[in-house]
Amino acid sequence: MCRITHHTDLPKRFRGFNRRPETCTGMERVDVAIVGGGPAGTSAAHAAASAGASVVVLEKGVPRADRQGLGPDSTDAAGILDYWVDIMGIHPDEFPDGVLLDHLDRAEFIGPTESVTLRSTGIDSSYDEFGYTFHRAKFDDWMRSRAEEAGAEYRLKASVRDVETDLDAAGSDPRHVVSLARGDNIGADFLVLADGPQRTVTNKVLDEYLPFPITDRLAAPKVNHIAYQEHREFPPELFDEVDGAIKFWWGYMPGHTAYPWIFPNDNNVCRVGLTMPIGMDIDEVEDRDDYKLLRPEDERIPQGREYIRRLLEQEYGDEYDIDEDFPLVEDRGKTKGTETYSISSTRPIDSPVQAGIAVTGGAMGSTSAFHEGGDHVAVRTGAIAGELAAAGDLSEYNERWKDAIGDEILRNVAMAEIVHDYTPKQWDKTFKAARKLLADDEGYKAFTASKFTAGFSAAKLATQYQKTKLKYRNGKYVQLTEDEYEL
């Protein structure tokens, strides 16, 4: 039998999308319910199940050309740097065949007239290479199987309609009741939200615990970037040139942290993509002629596929026919060799842990449009949430994730703020200064001091970076803190 409590009779202790709790004696019960089956969700499931908890992962599932069945809608450029391996806690030697696609030895940052090449991150790592690229769908599927082998259940076509929470639940009553669109309910003691940067479920859950509308801080169009990429087969001689390099073009398209890129994969295939803010107005772009991928006749910001075509034409059009020599690889990606997805471009948030809720990965804003995604931080935050949920106490989660990924978040937040309003000329000036800094030190170490021996511009860049990091020290990069929740 089920008991429905109508909204007008609802005790204040109940929280939920609709504030209509339902208690069913025959309801399925688990220790941990996880919303979202991407890297954060499956990492949480693996950690919780490995510790002996009963776990269910709820994933709505989307089709992809390079996946046999349905899977998570969680895609990015799929590249990992050396020290990210340690953040993620998974070494690529653990991958099955077909996941790792290419070893990286450098990152090339290209401005309108200046460029800089990074051959080391300057951060100690257990991984010997500069980094690697990988097949995202196969990685997701492996992460799922890893969680299932640990004992978690992964359910597809499981769209979450509602979450109802009783903060005073005791005894056999579940603290959370997750209602699925297909009609069944699942009771859980702990809830892990891992539904990615669009936060379809997360925003509705968190909104119940805040004295202001969640959209004031986490409105999807404002806190996310849109990304688009194509899988293109390169001429063999050109693939040899880009092999081992991730290439980024800065100052070529307007918008904060807006840039196209090329990631080498396998068999002469590269991912050619971009990220840019959602809903930009071209009439607000100053000095339009300075952006190489804009045209005088553009009446609006070009679509992703047009930007990509212009990039390929600019870089290789003098010698190659783009359509014939760079064909789309239609059996990869989501749809005929292409994919569109969101990336969080905001600062991270704390979770309402006293309610037994942990927000992870892209949903918590730990991924970054500045460095194109963040599978490593999604995996790590998910693992921490799963471990603590299995232990029966999430109270340390907000501190634990800061200890694990705080340095990474601090670097990204600082860099993203510094370059937020950069013009093409500023990108050139910055790359010129960065080359001088990198002449003495490798990677991030080059920005750790004001090096006047490298020139005024270089010293100014290093000083600005350090001052911006100082501004956000001690977790000040968090934009929604634990004490703001009303529990």
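Residues numbered from 1 in each chain as written. Predicted model: local features only at pLDDT ≥ 70, side-chain atom pairs only at ≥ 80, totals over all residues. Heavy atoms only, no water.

K.L.:
Help me understand a negative patch on the surface in this model?
P.N.:
Negative charge collects at one region of the surface, where Glu237, Asp240, Glu241, Asp243, Asp318 and Glu319 lie side by side. On the secondary structure map, aspartate 318 appears in the loop between helix 8 (304–316) and helix 9 (322–325). Take aspartate 318: its relative accessible area is 78%, and that puts it in the exposed class. (Patch = residues over 30% accessible without salt bridge, like charges linked within 9 Å, V, L, I, M, F, W, Y side chains within 5 Å. Areas by Shrake-Rupley, 256 points an atom, 1.4 Å probe, with all protein chains shown as cover. Salt bridge = Lys/Arg side-chain N within 4 Å of Asp/Glu carboxyl O. Lys, Arg positive; Asp, Glu negative; His and termini not counted. Charge placed at Lys NZ, Arg CZ, Asp CG, Glu CD. Helix = DSSP H or I, 4+ residues; strand = E, 2+ residues; numbered from the N terminus. Buried < 20%, exposed > 50% of the residue type's maximum accessible area, 1.4 Å probe, protein only.)

K.L.:
Looking at this model, I keep getting lost on the sheet that holds strand 6 (residues 79–81). Mind explaining?
P.N.:
The strands that make up a sheet are held in pairs by hydrogen bonds between backbone atoms, and each pair lies either parallel or antiparallel. Read across the sheet, three strands follow the order 6-10-7 without closing on themselves; strand pairing throughout is antiparallel. Sheet topology places strand 6 and strand 7 (100–104) at the edges, where each strand pairs with a single neighbour. With direction set aside, neighbouring strand axes in the sheet form an average angle of 20°. Pairing of strand 7 with strand 10 (residues 131–134) involves four bridges; the strand directions are antiparallel. Along strand 10, the bridge assignment pairs leucine 100 with phenylalanine 134. (Pairing = 2+ DSSP bridges. Axes fitted to C-alpha atoms, helices over the stretch in contact; angles between N-to-C directions.)

K.L.:
Looking at this structure, I do not really get the confidence of the model for the protein. What am I missing?
P.N.:
Mean pLDDT over the protein works out to 89, with 90% of the residues at or above the 70 mark. Note on residues 1–24: pLDDT under 50 across the span, and 58 contacts to partners over four residues away in sequence or across chains. Scored below 50 in pLDDT, residues 450–454 makes 13 contacts in the model with residues more than four places away or belonging to other chains. (pLDDT = per-residue confidence, 0-100. Contact = heavy atoms within 4.5 Å.)

K.L.:
Explanation requested: the layout of surface pockets in the structure shown.
P.N.:
Once rolled over the atoms, a probe with the size of a water molecule shows which space is left empty. Counted as a void, the largest pocket has a volume near 650 Å³. Lining of the largest pocket is provided by 40 residues; of these, Asp73, Ser74, Asp195, Gly196 and Pro197 occupy positions nearest its centre. The set of elements that each furnish at least two residues to the lining of the largest pocket consists of helix 1 (39–50), strand 19 (338–344) and helix 10 (375–391). In terms of residue count, strand 19 provides more of the lining of the largest pocket than any other element does, five residues in total. By residue class, the composition of the lining of the largest pocket is 14 nonpolar, 18 polar and eight charged. Computed from the structure, the second largest pocket encloses a volume of approximately 440 Å³. Taken together, 24 residues form the lining of the second largest pocket, with Gly255, His256, Tyr291, His420 and Asp421 sitting closest to its centre. Residue composition of the lining of the second largest pocket, grouped by class: 13 nonpolar, six polar and five charged. (1 Å grid on protein atoms, 1.4 Å probe; cavity = no way out; pocket = protein on both sides within 12 Å on 5 of 7 lines; lining within 4 Å. Points joined across faces, edges and corners; volume = space filled by probe spheres on them. Nonpolar A, V, L, I, M, F, W, Y, C, P; charged D, E, K, R; others polar.)

K.L.:
Even after reading the chapter, I still don't get the environment of glutamate 241, so can you show me in this structure?
P.N.:
The residue glutamate 241 is located in helix 7 (residues 236–242) in this model. Among the residues examined, glutamate 241 registers a relative accessible area of 54% and is labelled exposed. The spatial distance from the C-alpha of glutamate 241 to the C-alpha of proline 264 is 10.0 Å, given a sequence separation of 23 residues.

K.L.:
I keep staring at helix 12 (residues 424–438) and nothing clicks. Help me out?
P.N.:
Residues separated by three or four positions in an α-helix point in the same direction, a consequence of the helix having 3.6 residues per turn. For helix 12, spanning 15 residues, the distance from its first C-alpha to its last is 21 Å, which sits close to the expected 21 Å at 1.5 Å a residue. Taken residue by residue, helix 12 has Pro424, Trp427, Asp428, Thr430, Phe431, Ala433, Ala434 and Leu437 as its buried positions. (Expected span 1.5 Å × (residues − 1).)

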